[in-house]
Amino acid sequence: MAWTKVMPANPVVAVAGATGAVGREMLKCLEALNFPASEVRVLASARSAGQKLPFAGCGQVPAGELTVEEMTEESFKGVDIALFSAGASISKKFRQACYDAGAVMIDNSSAFRVEKDVPLVVPEVNAADIAWHNGVIANPNCTTIQMVVALEPLRALGHIDRIIVSSYQSASGAGAKGMAELEDQTGKYLAGEPFEPSAFAHQIAFNCIPHIDVFVDGDYLNDVPEGYTKEEWKMVVETKKIFGDNTVEVAPTCVRVPVLRCHSESINVEFDRPVNIEDVKNALANGTHVVLEDDPANNVYPMPGLHRGAFDTFVGRVRRDHTVADNRGVAMWVVADQLLRGAALNAVYIAQALLPEA
Ligand code: A2P
C-alpha cells in the first residue's frame, strides 16, 4: 500500500534513542536547523525514563528541558516523523507501531537499508527517492554518506566506473564506549600500565585495526567475495543503491584509527572519460555541503582532529591518479564528522525533505 499521509508543516517529531551518541546529535541538529517541529518527544529505554535533556528549542518548541519517556508502542501515537537511532533490533521492533501511527520512520540502523521498498537516502544525492517511501526511509552507513556527498558533484563530469576507498575511522564509530576506551588506553599506555581491549578487538591506542564490524559470512548480502567485513560491504551495496547505479564498482578497506571523532577516507575514482583536475576542483568547490580545503603548498588539507562538530564534508589532496590511463583517474582525501554528517544530520536533512513546500 502506498503512503498517502500528508506531512504537516509543523510535525510532531520523536527521537528514538535520544540518550545515545547519535540521538543527542539529532537533538542538536533539530536545534541548529531550527526544524519547524510542533513537539519533540525524546524516547529511550526504561533505564533513562524521567531523565531531563537540555534543549535549545526549535520551531514551536521552546528552549528548556525535554523529559525522556520509555519507548513503547504507544509512544508513536500522534508522531509524524520518528528519528531512530537505538540499534537495528529496536528499529525492527517498533516499525509496525510507527506505521500504524502514521509516523515516517527515518532509521539510522542497518535494519532496512537493503530492503527493496525502503529508500536509502542522502538528500544531496537522491532526495527524489523519498517520494516512494512506504513508511520507512533508511539512513546509510556513515562511511558511505561522506563518500557519496563528496563524489556527487563529480558525477556531472563523467560516469564513475570504479572507486577504491580506504577509510580511517574514528573511535566514536564504536559509540561513547569507543571514545572512552581510546582515552583510557592512551593514558595507560603512556603510564606503562596494563589494559584489556573491550570496545575493539585489539589495542586502539597507538595502533590501527583493519577490521570494523564482522567479517561477512554470507548472511548479510549475497555474493560477497571472501575476506570483506560487513562495514566494507555496506559501502559497496549502499553506494550502488544511493547512486541508483549497479555498474559502479567499489573496493573498500575500512580501518579503525586512534582518532576520537571524524572519519577520513582516501578515495581513488576512475571515470569513463578523461577529466580535468581543475574541473574536478571547481565541481567540488560548488558541491552542496562540500568544502574544498586544498592548498598543499600552504599545508592546507582536511584533518579529522580539526573538523569535530562540522556539518560539511571536507575534500583536499585532489590530484590525478597517474595509474589510470587517459586522465580518467582522480585521487582525493575526504573528512567529515561521522556522528553528524554520517548519521544525525543526514537523518534531519531527510526530515527536512519530507516537509511540505512552503
Ligand atoms: P538508554 O540510554 O536508555 O539505554 P548508543 O548507540 O549510544 O548506545 O545509544 C543507544 C540508544 O538506544 C540509547 O538512547 C538507548 O537508551 C536506546 N535504547 C537501547 N535499548 C533500548 C530499548 N530496549 N528500548 C528503547 N531504547 C533503547
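Computed from a predicted structure; not experimentally measured. (Residues numbered from 1 in each chain as written. Predicted model: local features only at pLDDT ≥ 70, side-chain atom pairs only at ≥ 80, totals over all residues. Heavy atoms only, no water.)

A. Molecular detail of the overall build of the chain. For the chain, the helix and strand inventory stands at eight helices and 13 strands. At 21 Å, the chain has a C-alpha radius of gyration in line with the 21 Å of a compact globule built from 358 residues. Over its C-alpha atoms, taken along the principal directions, the chain stretches across nearly 60 × 55 × 45 Å. Put simply, the chain has 358 residues, and 52% of those count as buried. Element-wise, carbon and sulfur atoms account for 50% of the exposed surface of the chain, whose accessible area totals about 15500 Å². (Helix = DSSP H or I, 4+ residues; strand = E, 2+ residues; numbered from the N terminus. Rg over C-alpha atoms; globule rule 2.2 N^0.38 Å. Buried < 20%, exposed > 50% of the residue type's maximum accessible area, 1.4 Å probe, protein only. Areas by Shrake-Rupley, 256 points an atom, 1.4 Å probe, with all protein chains shown as cover.)

B. Structural detail: the packing of aromatic side chains. Enumeration according to the criterion identifies six aromatic pairs in this entry. Where phenylalanine 76 meets phenylalanine 94, the ring centres are 5.9 Å apart and the plane angle is 50 degrees; that geometry is what we call tilted. Residue phenylalanine 76 is found in the loop between strand S4 (64-70) and strand S5 (81-84), and its partner phenylalanine 94 is found in helix H2 (residues 88-101); the two are separated by 18 residues along the sequence. Here the two residues phenylalanine 76 and phenylalanine 94 agree in accessibility, since each one is buried. With a centroid separation of 5.0 Å and 75 degrees between ring planes, the pair formed by tyrosine 168 and tryptophan 333 is classed as edge-to-face. With a gap of 165 residues between them, tyrosine 168 in strand S8 (residues 160-169) and tryptophan 333 in strand S13 (residues 329-336) connect regions that are remote in the sequence. Through a chain of ring-to-ring contacts, three or more aromatic side chains come together here, namely Phe76, Phe84 and Phe94. Above the face of the phenylalanine 112 ring, arginine 95 is positioned so that its terminal group lies 4.4 Å from the ring centre. Sitting over the ring of phenylalanine 243, arginine 155 keeps its end group 3.9 Å from the ring centre. (Phe/Tyr/Trp six-rings, centres within 6.5 Å; stacked < 30°, edge-to-face > 60°. Lys NZ or Arg CZ within 6 Å of the ring centre and 35° of its normal.)

C. Local environment of the site of the ligand. In the vicinity of the ligand, 13 residues are found, and the nearest of them are Thr19, Ala21, Ser45, Arg47 and Ser48. Within the backbone of glycine 17, an N or O atom sits 3.2 Å from an oxygen atom of the ligand. Contact distances for the ligand include 2.5 Å between an oxygen atom and a side-chain N or O atom of threonine 19. Coverage of the ligand by the protein amounts to 64% of the 570 Å² it exposes when considered alone. With respect to the pocket detection grid, the ligand is positioned in the second largest pocket. When grouped by side-chain class, the residues that make up the shell around the ligand number six nonpolar, six polar and one charged. (Near = heavy atom within 4 Å. Polar contact = N/O pair within 3.5 Å; in protein donor to acceptor, adjacent residues only side chain to side chain. 1 Å grid on protein atoms, 1.4 Å probe; cavity = no way out; pocket = protein on both sides within 12 Å on 5 of 7 lines; lining within 4 Å. Sits in = over half its atoms within 2 Å of the grid points. Nonpolar A, V, L, I, M, F, W, Y, C, P; charged D, E, K, R; others polar.)

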